[in-house]
Amino acid sequence: MLTAIDGHALGGDHRGRRPLPQLKFDRLFVTDGGIETNLIFHHGIELPFFAAFPLLEDAEHRISLRRYYDGYLLIARELGAGLVIETPTWRANPDWAARLGYSPEPLDAVNRAAVEFAEEVRAAATADGVTAVVSGCIGPRGDGYEVGEAMTAEGAERYHAVQIRSFSATTADQVTALTMTNAEEAIGIVRAAVAVDIPVVISFTVETDGLLPTGQSLAGAIEQVDETTDGAAAYFMVNCAHPTHFGIALDHGGPWRERLLGVRANASARSHAELDEAAELDEGDPNDLAARHVALRDKLPAVTVLGGCCGTDARHVAAICAAWVAGD
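Report on the accompanying structure. If you're wondering where the values come from, they're calculated on a predicted model, not measured in any experiment.

1. What to know about the packing of helix H5 (residues 153-168) against helix H6 (residues 183-195)
Right, on to step 1. In contact at an axis separation of 7 Å, H5 and H6 are set at 50° when each is read in the N-to-C sense. As summarised for this structure, H5 and H6 are arranged oblique, according to the angle between their axes. Every pair of crossing elements has a handedness; the one defined by H5 and H6 is right-handed. Only Glu 184, Glu 185, Ile 187, Gly 188, Ile 189, Arg 191, Ala 192 and Ala 193 of H6 make contact with H5, whose side of the interface consists of Ala 153, Glu 154, Ala 156, Glu 157, His 160, Ala 161 and Ile 164.

Structure representation (structure tokens):
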């Protein structure tokens, strides 16, 4: 069931968990950038299968992770914004984890440990007077750039319930599914989260033409998920695309844009295929990226969460958020 706050439709009530402060629409919330590309290209850390979660089990790498998150806490503190702390668990689902040698019990443990790590960041944020939200990050079962073998909503619900159950047993305020390529998988994730009563955020990715990899429009995907799940998602986002890509999708007006509360853009305007083949990081221009976000403000009336994705780091997110706040 949807509830209206300040004219915006929101996901249902989740008793026993704190309300999501980013749904109040009274301030900006900063989230992080492209953690994997940052660690690989800026810190020389190898991430087999693009997975950052194994770093939690190494003391030296935990220090690197903490420094990474502290950079975004600094942005939030300087701007008087909130902070959404996404756990480094985008690849911590059964298929990808199995490739890295994780059986079910260690995988459950590392997902829970990721929330404990995020709570350390939240404690530092709270000490600085920054309102922080801990989010258990979920990635697609397959590749984040391609649809691959399509799952039914029922299959996706069973599959992603494993990771979502791990997060539901922790202090995480929500789960966020990033880089979703299709509506059916997103529907399954929403249903799995509803089953354990944890708020869920769905973030779709689009190609250079503004369409999902399936060819569906962003509007159509959001509307399909809401219609199928009775609007159970807390909100939606778009990530892993440049503003010149998802800006096209925003040309399609309608109430669905009120459900789009977050943006995590790529630094590069290259296509997913081009980025997948690139040997060097395309960092783009942080100031240009910020200007392109601001240029879309009229088409993003409900956005309260801003961060980055592939190729971005704290420089990009700081520029984006500062330009956004300056326009308020």
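Here the narrative resumes, following the displayed structure.
2. Overview of the nonpolar core
Right, on to step 1. In this structure, Leu 83, Ile 202, Phe 204 and Phe 246 are the most contacted members of the largest nonpolar core, which totals 86 residues.
Right, on to step 2. Sorting elements by how many residues they give to this core places helix H4 (residues 104-127) first, with nine residues.

3. Some words on the sheet that holds strand S3 (residues 29-30)
Right, on to step 1. The strand order around the closed barrel formed by eight strands is S3-S4-S5-S6-S7-S8-S9-S10, and the pairing between neighbours is parallel.
Right, on to step 2. Bridge count for strand S7 (residues 200-204) against strand S8 (residues 235-239) is four bridges, and the pairing is parallel. Considered in S8, the bridge of Phe 204 is made with Val 238.
Right, on to step 3. Against the sheet, helix H11 (residues 314-326) contacts S3 and strand S10 (305-308), and its axis sits at roughly 155° relative to S10.

4. Quick word on the pairing of S10
Right, on to step 1. Side chains Val 305 and Gly 307 project from S10 onto one buried face, and the interleaved Leu 306 and Gly 308 project onto a second face that is buried too.
Right, on to step 2. Across four bridges, strand S9 (residues 260-265) lies against S10 in parallel orientation. Looking across to S10, one finds that Gly 262 is bridged to Val 305.

5. Topic: the pattern of salt bridges
Right, on to step 1. Under the counting rule described, the total for this entry stands at 17 salt bridges.
Right, on to step 2. Between Arg 191 and Glu 154 there is a salt bridge, and its shortest N-O distance comes to 3.6 Å. Here Arg 191 is found in helix H6, whereas its partner Glu 154 is found in helix H5, with 37 residues between them in sequence.
Right, on to step 3. For Glu 154, a relative accessible area of 43% corresponds to the partly exposed category.
Right, on to step 4. Asp 282 is the partner of Arg 270 in a salt bridge, and the nearest nitrogen-oxygen pair spans 3.4 Å.

Conventions used here
- Each chain has its residues counted from 1, running along the sequence as written.
- Since the coordinates come from a predicted model, pLDDT governs what is reported: local features require at least 70, and pairs of side-chain atoms require 80 or more to be given and counted, while whole-chain, interface and lining totals use all residues.
- Side-chain calculation: all heavy atoms of the structure are included, whereas hydrogens and water are not.
- Each axis is a line fitted through C-alpha atoms, and for a helix only the stretch in contact is used; angles between axes span 0 to 180 degrees, taken between their N-to-C directions.
- To qualify as a helix, a DSSP run of H or I must reach at least 4 residues; to qualify as a strand, a run of E must reach at least 2; elements of each kind are numbered from the N terminus.
- By the definition adopted for this analysis, an angle is roughly parallel if under 35 degrees, roughly antiparallel if over 145, roughly perpendicular if from 65 to 115, and oblique otherwise.
- The handedness criterion is simple: a crossing whose near helix is rotated anticlockwise from the far helix by less than a right angle is left-handed, and one whose near helix is rotated clockwise is right-handed.
- Any pair of residues with heavy atoms lying within 4.5 Å of one another is described as a contacting pair.
- What is meant by a nonpolar core is a set of buried Ala, Val, Leu, Ile, Met, Phe, Trp, Tyr and Cys residues, joined one to another through side-chain atoms within 4.5 Å.
- Only protein chains enter the area calculation, which uses a 1.4 Å probe; residues under 20% of their type maximum are buried, those over 50% are exposed, and those in between are partly exposed.
- Strands pair, by our definition, only if DSSP identifies at least two bridges between them.
- Each reported salt bridge corresponds to a side-chain nitrogen of Lys or Arg within 4 Å of a carboxyl oxygen of Asp or Glu.

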